[in-house]
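Read off the chains here:
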Amino acid sequence: MGLDYEFMWKAFPDILSYLPVTLKLTAGALILSVPFALLFAMIQIRKVPLLRKIVSIYLSLIRGTPIILQIFVIYNLMPYLLQKYADARGMNLNIYDLNGMWYAYIALSLSATAFLTEAFRASIETVDKGQFEAACMVGMSRGQAYRRIIFPQAAGVAMPVITNVVVDTIKATSLAFAMAVTEVTGRAKILGGENLRYFEAYLDIFLVYVIVIGITEILLKKLEKYCVRYRVA
Amino acid sequence: MIEIKHVKKSFDNVEILKDVSLNVADGEVVVILGPSGSGKTTLLRCVSFLEKADSGIFSLGDVSVNLHKISKKDILKLRRKMAFVFQNYNLFANKTALENVAEGLVTARKMDKIQAIRKARQALEWVGLSDKENFYPVQLSGGQQQRVGIARAVVLEPEVIFFDEPTSALDPELVGETLEVIKKVAKMGITMIVVTHEMSFAQDVADKVVFMDGGLVVEEGKPEVIFSHPKEARTRQFLSRIISLDPVYYI
């Protein structure tokens, strides 16, 4: 069996035209995750009673289950619950009209949030408490001390893990096909099926992922260098 | 005028401060001496709200607060009048020397940035570090870092500066330059409370020496009196041990 290079060549731009969906899913999931992860990390650091327990249960649940399972749960359970809620409130709403993208953002952000929470918590705790005290003693409020002194240093420490989470999220978007969202992998499956040229289609997306993730890693490495610019010499 | 009254503090049922009271007049330089674990540092941390005392009253000027239940607002208000120089410098690692000094002015005091930078430059020059303004803390020696720490405190023009063993973490060689700068601060007339083991510094600069042990003030008085005619046996014992160790640098 020879490779159908012509098909590979023709399918490539078609598959590439779904890259924006992949990127949008990644960006959406991450934008949704960061504020929650920061909140959860602060809840753990400040040892907020009760909430801290809830966060740690959430972390165990997410870490202990495969993403595909989380996707199935979100995609099947959430619309059902939302519809029930809407009906009970007498709202004239058909939840099943909602774009699958929204379920994908939420499902993908679940695990990104969990791993970012851990990254943020660990990195914030590496910054010497003395600097926080010094910030307080020059008159800064707690919030100012975190924003100006602690978070910028924690960011540098967290960058390698953040890079991992971003890359994992890009890869996890390939599961969005299970939610009827067609992105790069989904499109390759469709094209491969239509032409019975699965292998060629998969080689195409192999290339797409390697390039996209390669570029992402280079960019994030640059960002990391910027974040740790004060660690000179 | 600073009044510290009946401050008590325990950590995990260990009483660190049993009942400490201390008055400091405006412009006075008070040096607190005492063995490790006597509660010197804890006292400074309690009156700067870095630790919450179990009880006690603290007055600075016309503001008087209960150290056990003080509001965040009062803490911020009182901290505007004080500054702290730490044993481990605690410079902001992500900021240059100049930014370290300007940070409090810009962020906390909302001073105009250009004006703050100008003031910060003056303060750095004053501690002899004009040429290091764009250096990050990791690029500075311990002595230089501590001088930045002092500039960061002085630039705020506080009513009182607390020094918590400012030279204890330094190489012996770097102690001198740092003490010189602290002496300069003393000459400015800012009220200072200094926890140190530098006996010669205490003799030269202090208006009052306080000897603490076991969470209590054992004895206080003018340095010439405390060093030559201590009343309490415990003070005598402590001083004889320390002064015989090394007359100049005891760390």
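See above for the structure.
In short, a report on the structure. (Residues numbered from 1 in each chain as written. Chains lettered and ligands numbered in written order. Predicted model: local features only at pLDDT ≥ 70, side-chain atom pairs only at ≥ 80, totals over all residues. Heavy atoms only, no water.)

Broken down by element type, chain A carries 9 helices and 0 strands. Ordered by position from N to C terminus, the α and β elements of chain A give α-α-α-α-α-α-α-α-α. The principal-axis extents of the C-alpha atoms in chain A amount to approximately 70 × 60 × 30 Å. Counting over 233 residues, chain A shows a buried share of 45%. Partitioning the contacts of chain A with sequence separation of at least 6, the portion at a separation of at least 24 is 79%. Approximately 12,700 Å² of chain A is accessible, and the part contributed by carbon and sulfur atoms is 67%. Across chain A, the centroid of the 23 positively charged side chains sits 13 Å from that of the 16 negatively charged ones. (Helix = DSSP H or I, 4+ residues; strand = E, 2+ residues; numbered from the N terminus. Buried < 20%, exposed > 50% of the residue type's maximum accessible area, 1.4 Å probe, protein only. Contact = heavy atoms within 4.5 Å. Areas by Shrake-Rupley, 256 points an atom, 1.4 Å probe, with all protein chains shown as cover. Lys, Arg positive; Asp, Glu negative; His and termini not counted. Charge placed at Lys NZ, Arg CZ, Asp CG, Glu CD.)

Residues and elements named next belong to chain B. The 6 strands are arranged 6-7-8-3-9-10 in an open sheet whose pairing can be described as mixed. Looking along the sheet, the strands with just one partner apiece sit at the ends: strand 6 (82-85) and strand 10 (216-221). The mean inter-strand angle of the sheet, taken between neighbouring strand axes irrespective of direction, is 20 degrees. Pairing of strand 3 (residues 29-33) with strand 8 (residues 191-195) involves 4 bridges; the strand directions are parallel. (Pairing = 2+ DSSP bridges. Axes fitted to C-alpha atoms, helices over the stretch in contact; angles between N-to-C directions.)

Our next topic: the interface of chain B and chain A. If you look at the interface, chain B gives 26 residues, while chain A gives 21 residues. With both chains or domains summed, chain B and chain A bury close to 2,100 Å², and 62% of this area falls on carbon and sulfur atoms. When the area that chain B buries against chain A is broken down by residue, the three leading residues are Arg79(B), Phe92(B) and Asn94(B), summing to 24%. Put simply, chain B and chain A have 2 salt bridges between them. Between Arg148(A) and Glu103(B) there is a salt bridge whose closest N-O contact spans 2.7 Å. (Buried area = accessible area lost by both parts, 1.4 Å probe. Salt bridge = Lys/Arg side-chain N within 4 Å of Asp/Glu carboxyl O.)

Under the definition given, this model contains 11 aromatic pairs over all chains. Measuring from ring centre to ring centre gives 5.8 Å for Tyr75(A) and Tyr103(A), while their planes differ by 80 degrees; the resulting arrangement is edge-to-face. Residue Tyr75(A) is found in helix 4 (residues 67-88), and its partner Tyr103(A) is found in helix 5 (residues 100-126); the two are separated by 28 residues along the sequence. Between Phe84(B) and Phe86(B), the ring centres sit 4.5 Å apart and the planes meet at 35 degrees, which makes this aromatic pair tilted. Judged on exposure class, the residue Phe84(B) and its partner Phe86(B) are both buried. When the ring centre of Phe11(B) is taken as reference, the NZ or CZ atom of Lys9(B) above it lies at 4.8 Å. Positioned above the aromatic ring of Trp126(B), the side-chain terminus of Lys184(B) is 4.7 Å from the ring centre. (Phe/Tyr/Trp six-rings, centres within 6.5 Å; stacked < 30°, edge-to-face > 60°. Lys NZ or Arg CZ within 6 Å of the ring centre and 35° of its normal.)

A few words on the environment of Ala145(A). Residue and element names in this part refer to chain A. By the secondary structure assignment, alanine 145 is in helix 7 (residues 142-172). When the C-alpha positions of alanine 145 and phenylalanine 132 are compared, they lie 6.1 Å apart, and in sequence the two are 13 residues distant. Apart from the residues lying within four places of it in its own chain, the contact partners of alanine 145 are Phe132, Ala135, Met140 and Ile150.

A few words now on the pairing of strand 8 of chain B. Residues and elements named next belong to chain B. A large share of strand 8 lies buried, amounting to 5 of its 5 residues. Alternating residues of strand 8 divide into Thr191, Ile193 and Val195 and Met192 and Val194, and every residue in both groups is buried. Where strand 7 (residues 160-164) meets strand 8, 5 bridges bridge the pair, whose relative direction is parallel. Following the sheet pairing, phenylalanine 162 is matched in strand 8 by isoleucine 193.

Residues and elements named next belong to chain A. Put simply, helix 7 and helix 9 (residues 198-227) touch, their axes get as near as 9 Å, and they point 175 degrees apart. Between helix 7 and helix 9, the angle is such that the two are roughly antiparallel. For the pair helix 7 and helix 9, contact is made by Pro152, Ala155, Gly156, Met159, Pro160, Thr163, Val166, Val167, Ile170 and Lys171 and by Tyr209, Val212, Ile213, Thr216, Glu217, Leu220, Leu223, Glu224 and Cys227, respectively. Its residues assigned to classes, the contact of helix 7 with helix 9 shows 13 nonpolar, 3 polar and 3 charged. (Parallel < 35°, antiparallel > 145°, perpendicular 65-115°, else oblique. Nonpolar A, V, L, I, M, F, W, Y, C, P; charged D, E, K, R; others polar.)

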